[in-house]
Amino acid sequence: MASHPSSIRRLHSVNDVHIQSLADVLMDCVEGGASVSFMLPFGRADAAKYFEKVVASIARDETVLVAAKLDGRIVGSVQLGLDMPPNQPHRGDIKKLLVHRATRNRGIGAMLMARAEVEAKARGRTLLVLDTAGAEAERLYLRTGWQRGGVVPDYAMWPTGGFCDTTFFWKKL
């Protein structure tokens, strides 16, 4: 497998092939223990259903979906949430940074985040926020200029059960 993604791009439209590829990445992350809102058992149908909801959000201009492709297949994605209250038109939410375990440690997560920031700036967003669980993700955010806002104990659960702390980060653009 190549060492760098062949493309990092916004998915303007998402077809069934994209949904299945995105579902594969999400399933891999959940099976690998990522606390990204889902509990085990978690299958292809669950993952595809989730991304069908994301597609509907994209159609309403509430979400921007950025994907990383390697050797022609999607290996990672991140979402930029734009559906903010009236008093927060300057803010965006980073959601579900996902990178398939087989392609990690190649800079894909950082490249996805950089593209999400470009997409946010293009829409006049000047502040981004996100939440995460896990030391590996926290290291990525700190390396790429994000500021730790604080930790909430027992905020969520790991896919196999048991509570996990969640760290909130922010970044001014």
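Higher on the page you've got the structure.
Residues numbered from 1 in each chain as written. Predicted model: local features only at pLDDT ≥ 70, side-chain atom pairs only at ≥ 80, totals over all residues. Heavy atoms only, no water.

Draft legend 1. Structural detail: the overall build of the protein. Assigned secondary structure in the protein consists of four helices and seven strands. Along its sequence from the N terminus, the protein presents helices and strands in the succession β-α-α-β-β-β-α-β-α-β-β. Taking 173 residues into account, the globule formula puts the C-alpha radius of gyration at 16 Å, and the protein, at 15 Å, falls close to it. Over its C-alpha atoms, taken along the principal directions, the protein stretches across nearly 40 × 35 × 30 Å. Taken across its 173 residues, the protein has 45% of its residues classed as buried. Across the protein, every contact between residues at least 6 apart in sequence was considered, and the portion connecting residues at least 24 apart equals 62%. Considering the protein, the positive charge centre built from 23 side chains and the negative charge centre built from 18 side chains are found 5 Å apart. (Helix = DSSP H or I, 4+ residues; strand = E, 2+ residues; numbered from the N terminus. Rg over C-alpha atoms; globule rule 2.2 N^0.38 Å. Buried < 20%, exposed > 50% of the residue type's maximum accessible area, 1.4 Å probe, protein only. Contact = heavy atoms within 4.5 Å. Lys, Arg positive; Asp, Glu negative; His and termini not counted. Charge placed at Lys NZ, Arg CZ, Asp CG, Glu CD.)

Draft legend 2. Molecular detail of the side chain of Glu138. Tracing the chain through its elements places Glu138 in helix α4 (residues 135-143). Not counting residues up to four positions away in its chain, the partners in contact with Glu138 are Thr132, Arg148, Thr167 and Phe169.

Draft legend 3. The arrangement of the side chain of Glu119 in detail. The residue Glu119 is located in helix α3 (residues 108-122) in this model. Since its relative accessible area comes to 7%, Glu119 is described here as buried. Not counting residues within four places of it along the chain, the set of residues in contact with Glu119 comprises Arg10, Val64, Val66 and Leu80.

Draft legend 4. Geometry of the sheet that holds strand β1 (residues 7-10). Pairing within the open sheet is mixed, and its seven strands lie in the order β1-β2-β3-β4-β5-β7-β6. The open sheet has two free edges, formed respectively by β1 and β6 (147-157), since each of these has just one partner strand. When the angles between neighbouring strand axes are averaged without regard to direction, this sheet yields 25°. Direction of pairing for strand β2 (residues 63-70) relative to strand β3 (residues 73-81): antiparallel, over a ladder of eight bridges. By the bridge assignment, Val64 is partnered in β3 with Leu80. (Pairing = 2+ DSSP bridges. Axes fitted to C-alpha atoms, helices over the stretch in contact; angles between N-to-C directions.)

Draft legend 5. Spatial organisation of the packing of helix α1 (residues 16-31) against helix α2 (residues 44-59). Between α1 and α2, the shortest axis-to-axis distance is 8 Å and the interhelical angle comes to 120°. When the axis of α1 is compared with that of α2, the two are oblique. Regarding α1 and α2, the two cross each other, and that crossing is right-handed. Every residue of α2 that contacts α1 at Ile19, Gln20, Leu22, Ala23, Asp24, Leu26 and Met27 is listed here: Arg44, Ala47, Ala48, Tyr50, Phe51, Glu52 and Val55. When the residues that make up the contact of α1 with α2 are grouped by side-chain class, the tally is 10 nonpolar, one polar and three charged. (Parallel < 35°, antiparallel > 145°, perpendicular 65-115°, else oblique. Left-handed = near helix turned anticlockwise from the far one by under 90°. Nonpolar A, V, L, I, M, F, W, Y, C, P; charged D, E, K, R; others polar.)

Draft legend 6. Spatial organisation of the pairing of strand β7 (residues 163-172). Bridge analysis of strand β5 (residues 127-132) against β7 gives six bridges, and the strand direction is antiparallel. Counted as the bridge partner of Val129 is Trp170 from β7. By the bridge criterion, seven bridges tie β6 to β7 in an arrangement that is antiparallel. When the bridges of β7 are listed, Met157 appears paired with Phe163. Taken together, β6 and the strand that follows it, β7, pair antiparallel across an intervening segment of five residues, in which Gly161 is found at a positive phi of about 105°.

Draft legend 7. Spotlight on the packing of aromatic side chains. Counted under the stated rule, the structure contains six aromatic pairs. With a centroid separation of 5.1 Å and 75° between ring planes, the pair formed by Tyr50 and Phe51 is classed as edge-to-face. Residue class for Tyr50 comes out buried when judged on its relative accessible area of 16%. The class of Phe51 is buried, set by a relative accessible area of 1%. (Phe/Tyr/Trp six-rings, centres within 6.5 Å; stacked < 30°, edge-to-face > 60°.)

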